[in-house]
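# Breakdown of the fold
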Amino acid sequence: MDLATLLPFLVNVIVGGLVLGAVYAIIALGYTMVYGVLQLINFAHSEVFITGAVVGFEVFRVLKDSPLDGYLKLLIALLAAMLISGALNVVIERLAYRPLRNAPKLVPLITAIGVSLILQDVLRVIEGFQGRFDLTYTLPGAFTTKFCAAASSCAPVGTFLRNIGIDLQLKDVVLLIVSGISLAVLNYLVNHTRLGTAIRAVAQDRVTAGLMGIDSNRMIAATFAIGGALGGISGVLFGMKFGTVNAYSGFDPGIVAFTAAVLGGIGSIPGAVLGGLTLGVIQNLIGVTNVLGSVVGSANLGAIDASYQRIGAFIVLVLILIFKPTGLLGKSNVEKV
Amino acid sequence: MTATLTKAPPRDPVQPDRTWLLLIFFVITSAVILISHNGEMLPRLGSLGTLLKKPIVEAFMVSLFLANILFAYLWRAAPWAKLLVGIGSLIFVLPFAGKEDASLLDLSISIMIFAALALGLNIVVGLAGLLDLGYIAFFAVGAYTWGIVASPRLGEVLKYYGGHAGAAATPTLAFGVVLLLIGGALFTYLRRPGNTSRTDSTSFLQAGALVVAAFLAMLAGRAIFTQGDTRWSMPVIWLGVIILLLPLLAMGIQRLRGHNVLGGLHNYKQFLTGLLAVMGVILVVRSIVVMNALKADGLATGINPGFFWLFLALSIMAAATVGVLIGLPVLKLKGDYLAIITLGLGEVIRVLANNLGLYTGGSQGINGIKSAPVPWFDKLAGLVGFTDDQFYLVFLYFVVIAMIGIILTVNIRLDKSRIGRAWIAIRDDEIAAQAMGVPLMQTKLIAFATGASFAGVMGMIFAAKQQFIDPTSFILTQSIGVLSMVILGGMGSFPGVILGATVVTLLNLRILPGLGEQAANVSWIPQQVNPGQLQRLIFGVILVTMMLLRPEGLLPSRRRTLELHHEGNQEDDSGHGSGGGLNAGPVEVLSPGLAPAAEGERSGGAK
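Figured I'd write up the structure that's included with this text. (Residues numbered from 1 in each chain as written. Chains lettered and ligands numbered in written order. Predicted model: local features only at pLDDT ≥ 70, side-chain atom pairs only at ≥ 80, totals over all residues. Heavy atoms only, no water.)

## Brief notes about the overall build of chain A
Put simply, the rule is: What counts as a helix is a DSSP run of H or I of at least four residues, what counts as a strand is a run of E of at least two, and both are numbered from the N terminus. The buried label goes to any residue with under 20% of its type's maximum accessible area, the exposed label to any with over 50%, and the partly exposed label to all in between, with areas taken from a 1.4 Å probe on protein chains only. The criterion used for residue contact is that any of the two residues' heavy atoms lie within 4.5 Å. Areas reported here follow the Shrake-Rupley algorithm with a probe of radius 1.4 Å; residue values treat only the protein chains shown as occluding.
Of regular secondary structure, chain A possesses 14 helices and 2 strands. Residue burial in chain A is summarised as follows: out of 337 residues, 58% are buried. Considering only intrachain contacts with a sequence separation of at least 6, the fraction spanning at least 24 residues in chain A is 76%. If you sum the accessible surface of chain A, you get close to 13700 Å²; carbon and sulfur atoms cover 66% of it.

The structure is reproduced here in structure tokens:
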């Protein structure tokens, strides 16, 4: 590969990374919201989000032969996933975390790991009853076609993308739009509504918020509901992006998304988005390091292949936590003695 | 067994003397276990024999038998009876039952391996309060250390290096030694107490530059590996130049921006010198391997297994070193962050095991790992009636018993020592501990390294027992399994974690598969909910219910119990916001006056 073909290739890799990063960003928001309020790493979030993916799969499967429009199907899938994941997250909070509100920090963390293990097997059993393990998304046909395949129907933006050689499927574009909308809605919800104000108050100081007449338990439940709904959305998007999910496939993206949340500064919503996008791009770049190696003429780069993608997130995480524990956009938290 | 265990008997002083009960129980269970594992006697018992043969019944019997040891520990009985039961079951009954059924020996070794792992993790989590979710990585280090040298892998590695010798070995060796010496000397010089300037934060720029430097260093290391007969290629030279220039560049930029330059650069200096030393080590090892490549055929089945004992020490050192290496950068962090980062590093080690095919065999794993030959012991075992293929199991059984003994002693001694007190101080309040003069980093590192070394030595025994290792034995689920052992038994309590390890391993290896087999025959139980397949669910339920109902574990250390029942009241900083009712929670109020009484208690539950 020479430089002339390398540039469009790199641009595509980066754009693909951004699409991937958008999914990570929405997952990361689920972590960051819960962490912001409870200072708890909700390990079970990766399963909550896979539950959303499973719900999305079921919706697409049931609606496969219906004459509904593809976008309507997607909307139904998203709403169903949001509802079920949100409810699941609230139930988890009520049963597993609320009784431990005052326990030492280690205790709810271990509970979260336990809940995550339970959910994995429950999901597997539920799907196993239908004889399924790997759930392959059957998307409406239009989604898998190239974005702007026919030049005549292209908007100016699409034509521009096509001209500079960016190769996207329609589902990638849909995915970016959906995550953008979710972000905007979340931003409005948190920053411009009474509910959001109350949640932020609880996150800042639970006792004082209680004195001001805010029911912190309800606000925490609301946070979990929002986090779960975001998990549901990201689950469906994840399923669309990767095509196949199973009960155990939440771990990897969950960890990456958590890394993204930490990278951006955990508890910070724009931080989670920034972190998600960054990690998506980094992962995609690690995936093609061997291609880059062949361009530079170094066999050493070729040894790093896609199987190292997993490590990428961890190494980034280690470096961040060592050098900037508060993340890119996080505020430093001074410990009081 | 679980039913008897879930209610740990209250240890009140008026407990009746149960010496005879203990002995009777011991005799009965021993007889049952000896009979039920005797292939000749079972058929003669008719229907009782077939019943005893069922896996679930057998698992139940084994559990009851192992409960002996627990009862010997818990019940008030004459010391001679306790000793008799303990030694009798471990040294005599179990091996003899195992003579007829090697899987029982295998199971006992597994239980003890996991008990040792749990004891190690207990130091890290229970005593020092550092939640380590990547603990199994140290186990992997030990296993691969022995696995690579004591199997045909070694021959293949040597052959590869014979074929890719690169530059002449002797100059490389000399160069490596020089690099190592210079790097090591500079590193020690820089880390001298007077020389470490303290800066609280490293700027983002530095971090970025270090990322790049680390990446480039990795490439350079890779370059040294693949440096064939060719000379240094141009890209590699450029990389070296860039690596050396980066800190200068960063310094220049910083100076322009007016930051504290020298303090911030300190990390670079240490990093670069450390890098130098590491490259020296790599070169030395590489040249040694190349020099020995000619012996590849002679070592086609691994080294002389007589080196077992040497490697027992080496695996401890290797795991402890990895523990320190992992610990150094991450132990600054606390709680959740530490958990997630150790989880990540554990995964890194697993991915490396999967990808470094030359050394680890990748996902195929390593086959034909040998165990130590001990002729006199084999002869002895042969006299008692063990068959040839069981010798290594019996040998490992006794090795592992000895190891557990040593580890337990070390644990108890450490717990009562200054280090142990420092760990607990750090766990309870890091800042207060630091204020009282406990060196945080050093103490945490010792905890990490100690825990890791236990895991390392057990990893080696595991490799020798299995004769085969692959990355699937070292996944995150295993780490969580060990963690659940510690939690189930009771964090900080040595008998507790051993009990936890026993229960979880029995569940994993015997009870659940037994139940699964039983359930497979029952028509109305669908295969999907077969308990043999629900291990994650069951562990999850154990973790959650234990945390909700009995966070101190089955056999808690007394201090820990007091803590967990106190903290809720002492540091109740969460407003139960329902209409400002701050004290709405139905919390049991204990007198704070209990706290001073707790201070005098030593944790660990050694007694």
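Now that the structure has been shown, the text picks up again.
## Some words on the nonpolar core
Residues and elements named next belong to chain B. Cut-off, in case you're wondering: Residues grouped as a nonpolar core are buried Ala, Val, Leu, Ile, Met, Phe, Trp, Tyr and Cys residues, joined through side-chain atoms within 4.5 Å.
In this structure, Trp146 and Met458 are the most contacted members of the largest nonpolar core, which totals 243 residues. For this core, the element with the highest residue contribution is helix H7 (residues 102-127), accounting for 18 residues. If sequence neighbours within four positions are ignored, Trp146 has contacts with Ile303, Pro305, Phe307, Phe308, Phe311, Ile369, Lys370, Met460, Ala463 and Ala464. Counting 6 residues, the second largest nonpolar core, distinct from the first, contains Leu158, Tyr161, Val289 and Val290.

## Brief notes about the pattern of salt bridges
What counts is decided by this rule: Salt bridges are counted wherever a side-chain nitrogen of Lys or Arg sits within 4 Å of a carboxyl oxygen of Asp or Glu.
Scanning the entire structure with this criterion turns up 13 salt bridges over all chains. For the salt bridge of Arg124 of chain A with Asp121 of chain A, the shortest nitrogen-to-oxygen distance reads 3.3 Å. Remark: Asp121 of chain A and Arg124 of chain A occur in helix H4 (residues 106-129); sequence separation between them is 3 residues, near one turn of the helix. Each member of the pair, Arg124 of chain A as well as Asp121 of chain A, carries the same accessibility label: buried. In this structure, Asp428 of chain B and Arg427 of chain B form a salt bridge, with 3.3 Å as the shortest nitrogen-oxygen distance. What makes Asp428 of chain B partly exposed here is its relative accessible area of 38%.

## Comments concerning the layout of surface pockets
In this approach, a probe sized like a water molecule rolls over the atoms, and the result shows the empty space that is left. Residues and elements named next belong to chain B. To keep things clear, this is the line we draw: Buriedness of a pocket was judged along seven lines, with at least five required to meet protein on both sides within 12 Å; pockets are open sets of points on a 1 Å grid over the protein atoms alone, cavities are sets where a 1.4 Å probe fits but cannot get out, and lining residues have an atom within 4 Å of a point. Grid points are joined across faces, edges and corners, and a volume is the space filled by probe spheres set on the points. Think of it as three bins: nonpolar holds Ala, Val, Leu, Ile, Met, Phe, Trp, Tyr, Cys and Pro, charged holds Asp, Glu, Lys and Arg, and polar takes everything else, Gly as well.
Put simply, the second largest pocket is a space of about 1100 Å³. Lining the second largest pocket are 35 residues, with Ile69, Tyr73, Leu90, Leu408 and Ile498 positioned closest to its centre. If you list the elements that add at least two residues to the lining of the second largest pocket, you get helix H5 (55-74), helix H6 (79-100), H7, helix H18 (391-416) and helix H23 (494-521). The residue makeup of the lining of the second largest pocket, split by class, is 28 nonpolar, 6 polar and 1 charged.

## Some remarks on H4 of chain A
Residue and element names in this part refer to chain A. Short version of the rule: The length a helix should cover is 1.5 Å for every residue beyond the first.
In a regular helix each residue adds 1.5 Å, so 24 residues correspond to 34 Å; H4 covers 35 Å between its end C-alpha atoms and thus fits that length. For H4, the tally of buried residues reaches 21 of 24 residues, placing the bulk of the element in the interior. Phi for Gly131, located one or two positions after H4, is positive at around 70 degrees.

## With respect to the environment of Ala80 of chain A
Residue and element names in this part refer to chain A. The topology assignment puts Ala80 in helix H3 (residues 70-97). Separated by 153 residues in sequence, Ala80 and Ile233 have C-alpha atoms that sit 9.2 Å apart. Dropping the residues within four chain positions of it, Ala80 is found in contact with Val55 and Val59.

## Describing the packing of aromatic side chains
All names here are of chain B. Note the threshold: Ring geometry is summarised as follows: Phe, Tyr and Trp rings, the Trp one being its six-membered ring, pair when their centres sit within 6.5 Å, and such pairs are stacked at plane angles under 30 degrees, edge-to-face over 60 and tilted between the two.
On inspection of all chains with the given rule, the structure shows 26 aromatic pairs over all chains. Measuring from centroid to centroid gives 5.7 Å for Tyr144 and Phe474, while their planes differ by 55 degrees, and the two rings are tilted. Here Tyr144, found in helix H8 (residues 136-149), pairs with Phe474, found in the loop between strand E2 (468-469) and helix H22 (476-489); they are 330 residues apart in sequence, far enough to count as distant. Each member of the pair, Tyr144 as well as Phe474, is classed as buried. When the centroid spacing of 5.5 Å and the interplanar angle of 90 degrees are considered together, the rings of Tyr160 and Tyr161 count as edge-to-face. A relative accessible area of 4% means that Tyr161 is categorised as buried. Pairwise contacts between aromatic rings join Trp146, Phe308, Trp309, Phe311, Trp376, Phe377, Phe395, Tyr397 and Phe398 into one cluster.

## As for unusual backbone geometry
With a phi angle near 55 degrees, Gln39 of chain A is a residue other than glycine that sits in the positive phi range. Assignment of secondary structure puts Gln39 of chain A in the loop between helix H1 (3-38) and helix H2 (45-62). At Gln467 of chain B, a position not held by glycine, the phi torsion is positive, near 60 degrees. On the secondary structure map, Gln467 of chain B appears in the loop between helix H21 (440-466) and E2.

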